[in-house]
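Remarks on the overall topology
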Amino acid sequence: MMTKLKIGIIREGKVPSDRRVPLLPQQCVQIMQQYPHVEFFVQPSDVRCIANKEYLAAGIPLRENLSHCDILLGIKEVPIHELISGKTYLFFSHTIKMQPHNQKLLQSILEKRITMIDYEALRDASEKRVIAFGYFAGIVGAYNTFLLLGKKYDLFRLKPAYKCFDIDELKEELKKVTLPPCKIVLTGAGRVGHGAELILKEMQIEKVSPQDFLTNTYSNSVYTQIVSSDYNQSNNKDAAWDTDDFHEHPENYHSTFMRYAKVADILIAGAYWDQRAPKLFTNEDSKRTDFSIRLISDITCDINGSIPSTVKSTNIYDPAYDFNPHTQDIEAPFSDPGNITVMAIDNLPCEVPRSASEDFGNQLIKNVLPDLLQQPYGALIQRCALTVNGKLGPGFDYLKAYSEGK
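Residues numbered from 1 in each chain as written. Predicted model: local features only at pLDDT ≥ 70, side-chain atom pairs only at ≥ 80, totals over all residues. Heavy atoms only, no water.

1. Section: the overall build of the protein
Tallying secondary structure elements over the protein gives 14 helices and 17 strands in all. Here the C-alpha radius of gyration of the protein, 23 Å, is about what a compact globule of 406 residues would show, namely 22 Å. Projected onto its principal axes, the C-alpha coordinates of the protein cover approximately 70 × 50 × 35 Å. Relative to its full complement of 406 residues, the protein shows a buried share of 53%. Pairs at least 24 residues apart make up 67% of the contacts formed inside the protein by residues separated by at least 6 positions. Summed over all atoms, the accessible surface of the protein reaches about 18500 Å², with 50% contributed by carbon and sulfur. Put simply, the protein has 45 plus and 50 minus side-chain charges, and the middle of one group is 4 Å from the middle of the other. (Helix = DSSP H or I, 4+ residues; strand = E, 2+ residues; numbered from the N terminus. Rg over C-alpha atoms; globule rule 2.2 N^0.38 Å. Buried < 20%, exposed > 50% of the residue type's maximum accessible area, 1.4 Å probe, protein only. Contact = heavy atoms within 4.5 Å. Areas by Shrake-Rupley, 256 points an atom, 1.4 Å probe, with all protein chains shown as cover. Lys, Arg positive; Asp, Glu negative; His and termini not counted. Charge placed at Lys NZ, Arg CZ, Asp CG, Glu CD.)

2. Structural notes on the packing of aromatic side chains
With the rule as written, the count across this model stands at 17 aromatic pairs. Taking 4.9 Å as the distance between ring centres and 75° as the angle between the ring planes, the aromatic pair formed by Tyr 162 and Tyr 317 counts as edge-to-face. One end of the pair, Tyr 162, is in the loop between α4 (134-152) and α5 (167-174); the other, Tyr 317, is in the loop between β12 (295-298) and β13 (320-323), with 155 residues separating them in the sequence. Ring centres of Tyr 231 and Phe 257 lie 6.3 Å apart, and the angle between their planes is 80°; on these two criteria the pair is classed as edge-to-face. On the criterion of sequence distance, the pair formed by Tyr 231 in helix α8 (residues 228-231) and Phe 257 in the loop between β10 (253-255) and α10 (258-261) is long-range, its members being 26 residues apart. Per residue, the accessibility class of Tyr 231 equals that of Phe 257, and both read buried. Above the ring of Phe 213, the side-chain terminus of Lys 183 is found at 4.7 Å from the ring centroid. (Phe/Tyr/Trp six-rings, centres within 6.5 Å; stacked < 30°, edge-to-face > 60°. Lys NZ or Arg CZ within 6 Å of the ring centre and 35° of its normal.)

3. As for the sheet that holds strand β7 (residues 206-207)
What the eight strands build is an open sheet, ordered β7-β8-β6-β11-β12-β15-β13-β14; its pairing is mixed. Across the chains shown, the open sheet's two edge strands, defined by having one partner strand only, are β7 and β14 (330-331). Of the strands in this sheet, β6 (183-187), β11 (266-269), β12, β13 and β15 (340-343) are in contact with α4, which crosses β12 at around 155°. (Pairing = 2+ DSSP bridges. Axes fitted to C-alpha atoms, helices over the stretch in contact; angles between N-to-C directions.)

4. Re the pairing of strand β5 (residues 115-118)
Of the two faces of β5, the one holding Thr 115 and Ile 117 and the one holding Met 116 and Asp 118 are both buried throughout. In this view, the connection linking strand β4 (residues 88-91) to its parallel neighbour β5 by way of helix α3 (residues 103-111) has right-handed handedness. (Right-handed = clockwise from strand over helix to strand, strands pointing away.)

5. Examining the side chain of Asn 232
In this fold, Asn 232 is placed in strand β9 (residues 232-234). If near-sequence neighbours (up to four positions away) are discounted, Asn 232 is found in contact with Trp 241, Phe 246, His 254, Ser 255, Thr 256 and Pro 278.

6. Points about the packing of α5 against helix α6 (residues 191-202)
Interaxial distance between α5 and α6 falls to 10 Å at its minimum, and their mutual angle equals 45°. Here α6 runs oblique to α5, going by the angle between their axes. Crossing angle aside, the handedness with which α5 passes α6 is right-handed. Judged by residue contacts, Leu 170, Lys 171 and Leu 174 of α5 engage Leu 198, Ile 199 and Glu 202 from α6. Among the residues making up the contact of α5 with α6, the classes are represented as four nonpolar, no polar and two charged. (Parallel < 35°, antiparallel > 145°, perpendicular 65-115°, else oblique. Left-handed = near helix turned anticlockwise from the far one by under 90°. Nonpolar A, V, L, I, M, F, W, Y, C, P; charged D, E, K, R; others polar.)

7. Considering unusual backbone geometry
Along the chain, Val 15 connects to Pro 16 via a cis peptide bond; the corresponding omega equals -5°. If you trace the backbone, Pro 16 turns up in the loop between β1 (5-9) and α1 (25-34). Note that the residue after Gln 375, namely Pro 376, is joined by a cis bond; omega there is 0°. Along the chain, the position of Pro 376 falls in the loop between α12 (353-372) and α13 (379-384).

If you want it as structure tokens, here you go:
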């Protein structure tokens, strides 16, 4: 008979608080039916998108103190003073890129001999992430694109995504939209790109090839989806495109995105960006009279990253600002038609927390739990754990100096 394994769902302690959950009540029940040795406990919260009574109705007990649990599941960073020594935690620690503001968090995790499993670090043999919220970031980011378009040009009014109960209500809102002819360029074909495409398809916007987008004019709205090879070129003009070489040495390439910036009205940015890679365009490019983009939804939200006008993040309740390309100043949104309106919300899935949580929980059940519930942990966890009993995991030696406060 297997030893009972107690799993606790923690209350989000980061401020502002996140409303998402790692598992819905019915998903907890599904897991306990599939793995009879597993028990769940939930720390009460008045903020999360799933009410305490919903967990109770599913037979999941509420416990303020989760120190009896073996594994603790959350979403965002756990405040240092709330960490329990010797436990296994799963949450987004935002430390694997050596983020300065979370250096002390990693130090505390090590000091308290915690086994830390960062969702962002869980990758399969081909280095693809096995669990993420990117799909819903794409959905909400694309939805917000049209919410802001309606406001910018006084075309229509959409309910903010966070006021929609779930994705189905969000889709209903889109039926209010009648678009004038416009050209939209979407970067990225991963989770974010697929989520954004769901909205574009829901609105029945025609998809065209990159080449047709660049050369044709249309009487209806169209979009094109581009990947790295469409807007980057080797500095060696005679070299053929080599995706592996670009990923290994992006510093040897330059951007050709201005071709799209000359003909597009809207940019939805959903592509991963390496700091060594070229920016899509420069501030000088955005001053040009033929730079036609006037609305950018930067779903990636890389501050001072691939998009120079993304100089700060925005939030759910105040989603956009205007970037004056000539002065490079931030101005009030929709204050001048010549400005570039920028959306750079850094927690987009929080706008539809129930739908995003359900999808995340399904990924957790399918891709992570089979390894997490083994004793000892399975190959995925052993390979990808950020820390193990207070020591850096096998793939994270590069964090040694960072973890020592250097």
